[in-house]
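Residues per chain, in single letters:
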Amino acid sequence: MADQDKKNAGSTKRGDDFSTDVKTARRILNFLNAASSPEDIVNGPELDVHLHVEYRERLYPERHPIRKPDKKPCCDLNVAKSILKKRSLTPVYGFIRIEELLDIRGIWELLRNLLDRFSRATRGEWTGPYTIPAAGYDRPVHGALLRSGKVLFFGLPTGKDTWLWTPDAAGEGTFELTSNKPGDSLFCAGHSFLSDGRLLVAGGGGDGTGARHNHAWIFDPEPGTERWSQTAGNGMPGNGNMSYYRWYPTLVTMGDEPGRVLVVSGDDTSGNDVRQMEMYIETSDRFELVWGPGGVGDASAEHAFPQIYPGFNLLPGSEVFYTPTGWHSGGCTGAADYPAAKPSGFYEFQSTSPPVKASWTDVGTTDDAAEQAIDRVKGMAVLLLQPTYPFVQVMVVGGGKDPESTTTFQMINLSTLSPKWGSPVAMPDGLSRVNVNVVALPDGTAFISGGRPKTGTPPTGGACWIYNPSDMSWREVDEVANSRTYHSVALLLADGRVVTAGNECPNDRTIEVFSPPYLFASDGSLAPRPSITSSPSLVHHGHDFQIETPDPASIDKVVLVRPMAVTHQTDTEQRVVQLQFTTTGPDQLSATAPNGWHPHALAPRGWYMLFIVDQAGVPSVGEFMHLH
């Protein structure tokens, strides 16, 4: 916002009646200037909305607000009429300062009610942008939250200049280069976490950053170490390399033990999609080829994902589920109709030890609209887990063909015997989103940001949304300041905030940090948070463990959240697993770790953030815990 705009829409105070920040004041003014009738003002803005399956020729979905039976009007009808009458005196610009409203009789009740609907407590707040140092720091294209709480970034223009960002309460955080660099360009690599919290990064290179390669590198986040090393196998030359060169591959950490990581797709040095998968095995530090059920020589498990960076998620039943997302093409090309990315489907593994064996099964759609929209290249998929039915869902947002896919989202219920993708439903604002980011939050909701072009409406990064799968509702939250599209990332931090970084259209060397509404009290101040005073650093699958907290009776949820490792709107890691727990003392909870049986596909072995969430929906700061 320009300085004059900040002055115009800035905080207003009259005694102790009303005060607000610049963003809240701007949202209030926008609402009043957009109202088309007195009743719009009396009813107030929609906070949470339900959506219905759209007719694709409509710009906006059919939707209705979630109104509580005891909800009171925002103001008297006469006050609303007075506002519109005064606004008509400046029909071109409308109100540009809160002060212009203050002489209207009865305005203070309305302003206080609008403050409740537009404050940080309902909209959250972005801070930044903060500038990334220039010398030695690549622009973020890849990001991963490490078990130290730091975020590892790398990208362009070198593919080797990797660096760490440490969050702080102020938002800007601190920046530092890693102690060494990988020997290859890791631009356009794939990555996921190993069972000990190290990050495996495979493939990449190209586009002037260095040759494409078949190497893999591991980053050790251990404080005091924080170094890169190359996979070496038995130490013989090439023994730790992949069989194929892979540019834009997807990596999926499996649930079986010892740790294994599936490597899917990617282009070879000739630009051909690699059809055969490989499996990295931690104990041997090497990659094994994946075959069909018949074993070595059976090519039936091979599958084309020509858009590369296909979207995969490990399901609780050990299947690896594919959503037709991916890269398809670079730059600022916008929507991408790419039917070759279809169909959706999943892999089942008959063996994850050599010889690794798998079989593929197609997954269908409920109707023609669903079939037309499920091509979602340049969109993003996220796994949503709940303790009640539907237990397992995948949600995919944006991307694909415009408008069938870019303006919509789709869901598939994987808790049924014959799952099918549902019909597309338009996003609440009806706007197209390409290269959009989706982050699973510790309260079980999904945060959607970015994907809006800089030339779009509004001329910023655009409005963000939070989807609540428990009641299928949507809430609009604060706008991200910068455009975050191609080559942008977004990750959940251990303190419950979200960081977003990067963009290629235009090149962006900044980060922004979002504080979700759950971090604020009703007056916009920081909410009191539940705290974890003690928790174990190591817990075994299926075992009970104790959490010390000052007020256990106030706790509504105990969750484990797996850290993200994301690039190009592809992340196979994030999952929020709600745990069973009981109160066992005046300052103690007892929770049960997930998956007491093998394989541990609900929550693979590795490092997680442990959150407790109180009855007001406020999460604690996450404590890193090794699930073994």
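None of the values given here were measured: they were computed from a predicted structure.

In this section: the packing of helix H2 (residues 22–34) against helix H5 (residues 107–118). Contact geometry of H2 with H5 gives a least axis separation of 10 Å together with a crossing angle of 110 degrees. Here H2 is positioned roughly perpendicular relative to H5, judged by the angle of their axes. With respect to the hand of their crossing, H2 and H5 are arranged in right-handed fashion. Between H2 and H5, the residues in contact are Thr24, Arg27, Ile28, Phe31 and Leu32 and Leu110, Leu111, Leu114, Leu115 and Phe118, respectively. Tallied by class, residues from the contact of H2 with H5 come to eight nonpolar, one polar and one charged.

A few words on the sheet that holds strand S30 (residues 498–501). Spatially, the four strands line up as an open sheet ordered S3-S31-S30-S29, and their pairing is antiparallel. Each edge of the open sheet is held by one strand with a lone partner, namely strand S3 (125–131) and strand S29 (489–492). Taken over all neighbouring pairs, the strand axes of this sheet differ in orientation by 20 degrees on average, direction set aside. As paired strands, S30 and strand S31 (residues 510–515) are joined by four bridges and run antiparallel to one another. Each bridged residue has a counterpart across the sheet, and for Thr500 the counterpart in S31 is Glu512.

With that settled, the discussion passes to the sheet that holds strand S7 (residues 174–177). Here five strands make up an open sheet; going across it, the order is S7-S6-S5-S4-S35 and the pairing antiparallel. Every other strand in the sheet has two partners, leaving S7 and strand S35 (565–567) as the edge strands with one partner each. Going across the sheet, the axis of each strand differs from the next one's by a mean of 30 degrees, ignoring polarity.

Turning to the packing of aromatic side chains, a few remarks are in order. For the structure shown, the criterion picks out 27 aromatic pairs. Centre to centre, the rings of Tyr467 and Trp474 are 4.9 Å apart; their planes meet at 45 degrees, and the pair counts as tilted. The residues Tyr467 and Trp474 share a single accessibility class, namely buried. Taken together, the ring pairs connect Phe305, Phe312, Tyr322, Tyr347, Phe349 and Trp360 into an aromatic cluster. For Arg212, the ring lying beneath its charged end belongs to Trp247, and the centroid distance is 3.8 Å.

Right, let's talk about the pairing of strand S22 (residues 408–413) for a bit. Buried residues dominate S22, accounting for six of its six residues. Burial along S22 is two-sided: Thr408, Gln410 and Ile412 and Phe409, Met411 and Asn413, pointing in opposite directions, are all buried. Of the strand pairs in this sheet, strand S21 (residues 392–397) and S22 are connected by five bridges, and their pairing is antiparallel. By the bridge assignment for S22, Val396 is matched with Gln410. Where S22 lies against strand S24 (residues 425–426), two bridges are found, and the strand directions are antiparallel.

Applying the stated criterion across every chain, the model contains one disulfide. A disulfide bridge connects Cys332 with Cys505, and the sulfur atoms are separated by 2.0 Å. Negative torsions about the S-S bond denote left-handed disulfides, and the value of about -110 degrees found for Cys332 with Cys505 makes this one left-handed. Of this pair, Cys332 sits in the loop between strand S17 (320–323) and strand S18 (344–351) while Cys505 sits in the loop between S30 and S31, placing them 173 residues apart in sequence. The class of Cys332 is exposed, set by a relative accessible area of 56%.

Before going further, it helps to spend a moment on a nonpolar patch on the surface. On the surface, a cluster of nonpolar side chains totalling about 370 Å² of accessible area is made up of Val92, Tyr93 and Ile96. Here Tyr93 is to be found in the loop between helix H4 (77–87) and H5. Its relative accessible area of 68% is what places Tyr93 among the exposed residues.

Most of strand S20 (residues 380–385) is tucked away, with six of its six residues classed as buried. Residues Met380, Val382 and Leu384 of S20 are buried on one face, and the alternating residues Ala381, Leu383 and Leu385, pointing to the opposite face, are buried as well. Direction of pairing for S20 relative to S21: antiparallel, over a ladder of six bridges. Note that in S21 the partner of Leu383 across the bridge is Val394. The loop that links S20 with its antiparallel partner S21 comprises six residues.

Let us look at the confidence of the model for the chain. Taken as a whole, the chain shows an average pLDDT of 92; of its residues, 93% reach a score of 70 or greater. Between residues 1–16, whose pLDDT stays under 50, and residues either more than four places distant or in other chains, the model counts 27 contacts. Note on residues 55–60: pLDDT is under 50 here. Beyond four places in sequence and across chains, it has seven contacts.

Further remarks concern the environment of Asp362. Residue placement: Asp362 occurs in strand S19 (residues 356–365). The spacing of Asp362 and Asn214 is 148 residues in sequence and 29 Å in space, taken between C-alpha atoms. With residues up to four places along the chain from it excluded, the contact list for Asp362 reads Pro343, Ser344 and Gly345. Side chain to side chain, Asp362 and Trp360 meet in a polar contact 2.7 Å long.

How each quantity is defined
- Residues numbered from 1 in each chain as written.
- Predicted model: local features only at pLDDT ≥ 70, side-chain atom pairs only at ≥ 80, totals over all residues.
- Heavy atoms only, no water.
- Axes fitted to C-alpha atoms, helices over the stretch in contact; angles between N-to-C directions.
- Helix = DSSP H or I, 4+ residues; strand = E, 2+ residues; numbered from the N terminus.
- Parallel < 35°, antiparallel > 145°, perpendicular 65-115°, else oblique.
- Left-handed = near helix turned anticlockwise from the far one by under 90°.
- Contact = heavy atoms within 4.5 Å.
- Nonpolar A, V, L, I, M, F, W, Y, C, P; charged D, E, K, R; others polar.
- Pairing = 2+ DSSP bridges.
- Phe/Tyr/Trp six-rings, centres within 6.5 Å; stacked < 30°, edge-to-face > 60°.
- Buried < 20%, exposed > 50% of the residue type's maximum accessible area, 1.4 Å probe, protein only.
- Lys NZ or Arg CZ within 6 Å of the ring centre and 35° of its normal.
- Disulfide = S-S within 2.5 Å.
- Patch = residues over 30% accessible without salt bridge, like charges linked within 9 Å, V, L, I, M, F, W, Y side chains within 5 Å.
- Areas by Shrake-Rupley, 256 points an atom, 1.4 Å probe, with all protein chains shown as cover.
- Salt bridge = Lys/Arg side-chain N within 4 Å of Asp/Glu carboxyl O.
- pLDDT = per-residue confidence, 0-100.
- Polar contact = N/O pair within 3.5 Å; in protein donor to acceptor, adjacent residues only side chain to side chain.

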